[in-house]
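Read off the chains here:
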Amino acid sequence: MSRSVLVTGGNRGIGLASARALAAEGNKVAITYRTGEPPAGFYAVRCDVTDTAQLKAAVEEVTVQQGAVEILVSNAGITRDQLLIGMPEEDFRAVMTTNFEAAVALTRQVLPAMIKARWGRLIYMSSINSMSGAPGQTNYASAKAALIGFARSLAIEVGRRNITANVVAPGMIETDMVEHVTDVRRQAALARTALARTGTPEEVAAAVRFLAADDASYVTAGVIPVTGGLGAGH
Ligand code: NDP
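My aim in this report is to walk through the structure given alongside it, one point at a time.

What counts and what doesn't
- Residues numbered from 1 in each chain as written.
- Predicted model: local features only at pLDDT ≥ 70, side-chain atom pairs only at ≥ 80, totals over all residues.
- Heavy atoms only, no water.
- Axes fitted to C-alpha atoms, helices over the stretch in contact; angles between N-to-C directions.
- Helix = DSSP H or I, 4+ residues; strand = E, 2+ residues; numbered from the N terminus.
- Parallel < 35°, antiparallel > 145°, perpendicular 65-115°, else oblique.
- Left-handed = near helix turned anticlockwise from the far one by under 90°.
- Contact = heavy atoms within 4.5 Å.
- Nonpolar A, V, L, I, M, F, W, Y, C, P; charged D, E, K, R; others polar.
- 1 Å grid on protein atoms, 1.4 Å probe; cavity = no way out; pocket = protein on both sides within 12 Å on 5 of 7 lines; lining within 4 Å.
- Points joined across faces, edges and corners; volume = space filled by probe spheres on them.
- Pairing = 2+ DSSP bridges.

### Thoughts on the packing of helix 1 (residues 13-24) against helix 7 (residues 201-212)
Line of reasoning, step 1. Following both chains from N to C, one finds helix 1 and helix 7 inclined at 50°, their axes separated by 8 Å at the closest point. On the basis of the axis angle, helix 1 is oblique to helix 7. For the crossing formed where helix 1 meets helix 7, the hand is right-handed. For the pair formed by helix 1 and helix 7, the contact residues are G13, I14, A17, S18, A21 and L22 on the first element and P201, E202, V204, A205, V208, R209 and A212 on the second.
Line of reasoning, step 2. Its residues assigned to classes, the contact of helix 1 with helix 7 shows nine nonpolar, two polar and two charged.

Laid out in structure tokens, this is it:
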């Protein structure tokens, strides 16, 4: 069945891979992008997810274009790593707003139509660091952990309406986000990764595709790690 999908931050990295995977399943896929030119092949809406008015306008535009959003992939995210002792308050707030509060605001926009339709899939991009913790990431780990509490609570609230809410928790995935990670940190992470390699955006997208599919109809309030076994045994 062709569903109406919205992927935030769908212009690159994990978001783009997820958008491609969901489009390959025959869905109508819209993406949001904030900067640059969007990739071809999707209905693209420029939107800064930290601006609730822009989010609202984006959802309205997508609804007109391809119908009410039935599958939401809340993926847009940023890091601003620094030890808490030196972290400007602004950097803590920006990471919380982009990674967490924007996901909440977006959910509020798409949820009424899902409730009405008695069908919906809510998928949130967290991080395994939300559970393991990581130095320099008090902001990021907090925001990503908040997503888990949010999604699991929401799953209970909307379960009777046949709406699922799940979280994907990737490990180290080769995208622009991890480009700046130092060799020392990269090697340290790989040493704690069972598969001893980084992951690809497509490998995360495969989990997103599963959660969005009819096959995942009994999966909700879940947190799916896509980590190559990062942290296992440690
Ligand atoms: P990228 O840096 O490659 O992409 C981030 C995406 O988020 C871009 O599309 C970017 O848009 C978008 N974005 C950031 N801020 C905003 C904003 N204010 N408004 C709208 N869009 C915004 O990262 P990844 O693909 O790696 O990350 C995707 C998600 O996966 C994130 O939530 C990240 O935290 C999570 N994740 C990534 C891991 C990794 O190892 N790569 C590990 C665990 C989780 P633009 O291009 O316009 O900047």
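### Here we look at the layout of surface pockets
Line of reasoning, step 1. For the largest pocket, the calculated volume is near 1200 Å³.
Line of reasoning, step 2. Across the lining of the largest pocket, the residue classes tally to 20 nonpolar, 22 polar and eight charged.

### A look at the sheet that holds strand 4 (residues 71-74)
Line of reasoning, step 1. Strand order in the open sheet made by the seven strands is 3-2-1-4-5-6-7, with parallel pairing throughout. The strands lining the two open edges of the sheet, one partner per strand, are strand 3 (43-46) and strand 7 (223-226). Across the sheet, the mean angle separating the axes of adjacent strands is 20° when strand polarity is ignored.
Line of reasoning, step 2. In this sheet, strand 2 (residues 28-33) lies alongside strand 1 (residues 4-7) in parallel orientation, the contact comprising four bridges. Counted as the bridge partner of L6 is A30 from strand 2.

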